[in-house]
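Close look at the chain arrangement
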Amino acid sequence: MFDMLKKIWQTGQVTKTLPFEEAPERYRGQLLIDPDYCNGCEECVTACPADALSFEKEESHLQLTISFAKCIYCGLCEEVCSPRAIRLTNEYLRATKNPKELTQTFKIQEKRIPMTEGGKQ
Amino acid sequence: MKTNNPGDQVLHAFNSQVIHFDLKNDNHVVIDIAKEHLPSITRYIRDLGGRLFTMVGSDELNIRGDFSLYYVFAFDKDQSLITVRVSVSEQEPGFPSVTDDLPSANWYEREVYDLFGLEPVGHPHLSPLVLHGDWPEGIYPMRKDFPANMKLPRMKNRDQFMNYEGEGVTQIPVGPIHAGIIEPGHFRFGAVGDTVLHLDARLFYTHRGLEKVSEGVSINKALFLAERICGVCALSHAVSFAQAIERIGKIKVPARAEYLRMLFLEMERLYNHIGDVGNVCAGIGFSFGVSQGAILKEKLMQLNEKLTGHRYLRGITTIGGVRLEFNHDDKILMEKTLGDVRREFEKFVGIMMSHEIVSDRMTSTGRLTREQVEEIGTVGPAARASGRNIDVRKSHPYLLYDQIDFSVPVLTTGDVLARVQQRIEETYQSFAIIGQILNQLPEGPIQTRVGEIPAYQWDMGWTESARGENVHWVMTGPDQTVYRYRVRSAAYSNWPAVALAVPGNIVPDFPLINKSFELCYACCDR
């Protein structure tokens with residue numbers, strides 16, 4: 001009995017109150033997409049296991065859509081993105097009451113596609 | 001010819017019946033045989049010391065024109081495997097059941113009947129297992145002609161439970177929704193007074209059709225499905241799947257990646273075992289134990305998150321290696337945290353195991369004998385606590401476990417207390433394994449380039465998870481896809497043991513017995 005009380009007293013309080021501290025550096029959270037770097041190669045769409053990314057051809061440009069409702073934050077898109085347009089951050093407070101906020105679209109400028117072999121070298 | 005090799009012995013004894021045989025990975029013989037010889041070859045293999053590792057039904061109508069059944073047997077002493085393959089035609093969808101000779105085949109054969117419509121003729125208890133009684137009869141979802149998105153009407157429920165005759169037997173239905181945050185399962189007790197006479201367990205409420213969904217999906221995407229079979233064995237499932245693919249593609253994983261996989265597989269075992277030792281106390285209302293276990297488990301999961309980015313270790317496995325950096329600072333952080341957790345764990349179990357409420361309630365409760373666990377094919381800590389020395393890390397070494405010095409604790413009493421003690425001793429082994437891995441961790445690449453994976457090849461991957469061995473059987477399809485995926489988790493092998501351990505105990509001890517196995521429903525149901 002006393003050994004239990006002693007252990008409880010030694011343990012003290014372990015729960016934490018809001019606001020929580022930052023998530024660990026390696027935590028895979030919110031994606032940041034920089035449309036200026038994107039070349040429309042669609043490697044990320046192929047790699048995504050959750051089909052969260054898609055490209056649509058608009059009149060003057062390409063449109064990249066990402067659904068955070070589908071995203072599983074695995075980070076494969078970041079790995080395959082050669083121009084480094086996608087970056088995962090450790091931002092984790094992602095809850096929202098408005099489902100529309102879970103979809104983001106980006107304009108990708110036509111001039112950057114298609115990626116030419118010459119441009120690569 | 002070596003006569004002590006089980007594969008050669010079987011081939012020799014069934015020389016005239018064997019249609020074809022093949023050698024897969026040196027120590028794995030694949031034997032094709034006509035289905036009528038299945039019971040005799042099964043008996044022969046069983047008597048040689050083989051145990052059923054997994055059994056897979058596969059619709060191969062469009063490859064070879066029939067269904068295939070693969071009975072995979074493991075020989076723990078020889079580190080070898082034998083697969084017996086039989087063909088079952090669409091016109092005559094029956095095959096002789098082996099459950100009478102090999103009780104561990106019970107669930108596999110019922111599952112094949114449910115999902116493929118292949119009937120195990122002579123099965124002693126052929127009732128629905130995976131599909132519930134409200135599924136339309138005669139529709140078999142794992143056949144290739146059944147589309148994965150098909151919607152079916154719900155029928156009148158045909159589920160049947162044990163009927164009791166005579167006076168004094170009360171039926172107590174429990175679940176599928178429980179008073180607690182646990183998964184769904186329906187249990188029906190036949191009780192005389194306080195004592196349980198019989199337990200019917202109705203599982204597979206969380207059957208999501210994961211195997212069906214992964215068919216035709218690219219291998220890289222299927223890996224993410226494998227990771228989501230279950231929460232607490234996520235890494236074990238992912239590594240098992242990756243190993244199956246790596247065997248098919250003959251991919252050599254770099255040593256550093258294998259060490260890192262082992263490192264985090266042991267972390268998975270640690271957080272599970274420590275959490276489970278604490279959580280079993282919830283079965284006796286011993287809240288000190290519950291919270292102390294939860295605190296330590298939380299520390300380990302936060303460590304997981306810092307090191308890998310994910311508390312449940314998802315997203316760190318890839319075909320051909322790992323997606324994970326691990327540097328000197330990580331090693332220091334890990335050593336420090338695990339040192340603290342180990343010290344706290346020792347204090348905690350010292351207090352817990354010497355407390356009289358723990359020994360009063362756990363001793364001789366939910367006892368399983370060694371004969372019982374061997375007969376029904378129980379695996380993992382539940383089997384080892386009953387004296388069955390079974391651990392695929394030793395008997396069928398994978399990754400680089402053969403370079404690690406550790407022992408597999410085996411207890412004998414087989415009661416709840418033994419299963420808790422078993423986990424405590426395994427926890428100390430895992431601490432020691434992690435210590436060795438951190439000291440031996442080689443430098444070098446963590447991924448290897450993965451080339452083309454050949455189509456229509458099958459192989460297996462296995463890992464010893466915190467609940468026992470997970471065996472993943474994968475057949476590849478064209479263009480780097482999955483053709484057939486069969487997951488045999490530890491929970492699938494161990495759920496029948498729960499129903500066997502409960503009768504004879506009092507009803508209030510059921511939660512305690514159930515928690516002492518700490519089985520996962522999602523793993524079992526898929």
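Structure's up top.
Overview of the structure. Everything numeric in this text was worked out from a predicted model, so none of it was measured. (Residues numbered from 1 in each chain as written. Chains lettered and ligands numbered in written order. Predicted model: local features only at pLDDT ≥ 70, side-chain atom pairs only at ≥ 80, totals over all residues.)

Once that is clear, we can look at the overall build of chain B. Regarding its fold elements, chain B presents 17 helices and 15 strands. In summary, chain B has a C-alpha radius of gyration of 23 Å against a globular reference of 24 Å for 526 residues, a match within 12%. With the principal axes as the frame, chain B shows a C-alpha extent of 70 × 65 × 50 Å. Taken across its 526 residues, chain B has 48% of its residues classed as buried. Of the contacts made within chain B by residues no fewer than 6 positions apart, 66% connect residues no fewer than 24 positions apart. (Helix = DSSP H or I, 4+ residues; strand = E, 2+ residues; numbered from the N terminus. Rg over C-alpha atoms; globule rule 2.2 N^0.38 Å. Buried ≥ 20, exposed ≤ 12 C-beta atoms within 10 Å, placed from the backbone. Contact = placed C-beta atoms within 7 Å.)

Residue and element names in this part refer to chain B. With antiparallel pairing, three strands are arranged side by side in an open sheet as β13-β14-β15. Of all the strands in the sheet, the pair left with one neighbour each is β13 (458-465) and β15 (481-488). Ignoring which end each strand starts from, the neighbouring axes of this sheet average 20° apart. Sheet strands in contact with helix α6 (residues 234-248) are β13 and β14 (468-477), and its direction is about 150° off that of β13. (Pairing = 2+ DSSP bridges. Axes fitted to C-alpha atoms, helices over the stretch in contact; angles between N-to-C directions.)

Residue and element names in this part refer to chain B. Most of β15 sits inside the fold, with seven of its eight residues counted as buried. Here β14 runs beside β15; their pairing, made up of seven bridges, is antiparallel. The partner of T476 across the bridge, within β15, is V482. Turn length for the β14-β15 hairpin, with the two strands adjacent in sequence and antiparallel, is three residues, and the turn residue D479 shows positive phi of about 55°.

Turning our eyes to something else, we now look at the sheet that holds strand β4 (residues 66-75) of chain B. All names here are of chain B. Spatial strand order, β1-β2-β5-β4-β3: five strands in an open sheet with mixed pairing. Of all strands in the sheet, those bounded by a partner on one side alone are β1 (18-24) and β3 (51-60). The average undirected angle you get between the axes of adjacent strands in this sheet is 20°. With six bridges joining them, β1 and strand β2 (residues 28-33) adopt antiparallel strand pairing. Note that in β2 the partner of V18 across the bridge is I33. Helix α2 (residues 38-48) contacts β2, β4 and β5 (80-88) of the sheet and is inclined by roughly 170° relative to β5. Sheet contacts for helix α3 (residues 106-116): β3 and β4; angle to β3, the most-contacted strand, approximately 10°.

Time to look at the interface of chain B and chain A. Facing the 13 residues of chain B at the interface are 14 residues of chain A. Mapped by element, the contributors of at least two residues to the side of chain B that touches chain A are α5 (219-227), α8 (287-308) and α9 (328-353) of chain B. Here the side of chain B that touches chain A takes five residues from α8 of chain B, the largest share from any one element.

Let's shift gears to unusual backbone geometry. Residues and elements named next belong to chain B. Note the cis peptide between G175 and P176, where omega equals 10°. Tracing the sequence through the fold places P176 in the loop between β8 (169-174) and β9 (186-192). Non-glycine residue K250 carries a positive phi angle of around 50°. By secondary structure assignment, the location of K250 is in the loop between α6 and α7 (255-279). Residue K250 is classed as exposed on the basis of its 12 C-beta neighbours within 10 Å. Positive phi, close to 55°, is recorded for Y456, a residue that is not glycine. By the element assignment, Y456 lies in the loop between α14 (416-440) and β13. With 14 C-beta atoms packed within 10 Å, Y456 lands in the partly exposed category.

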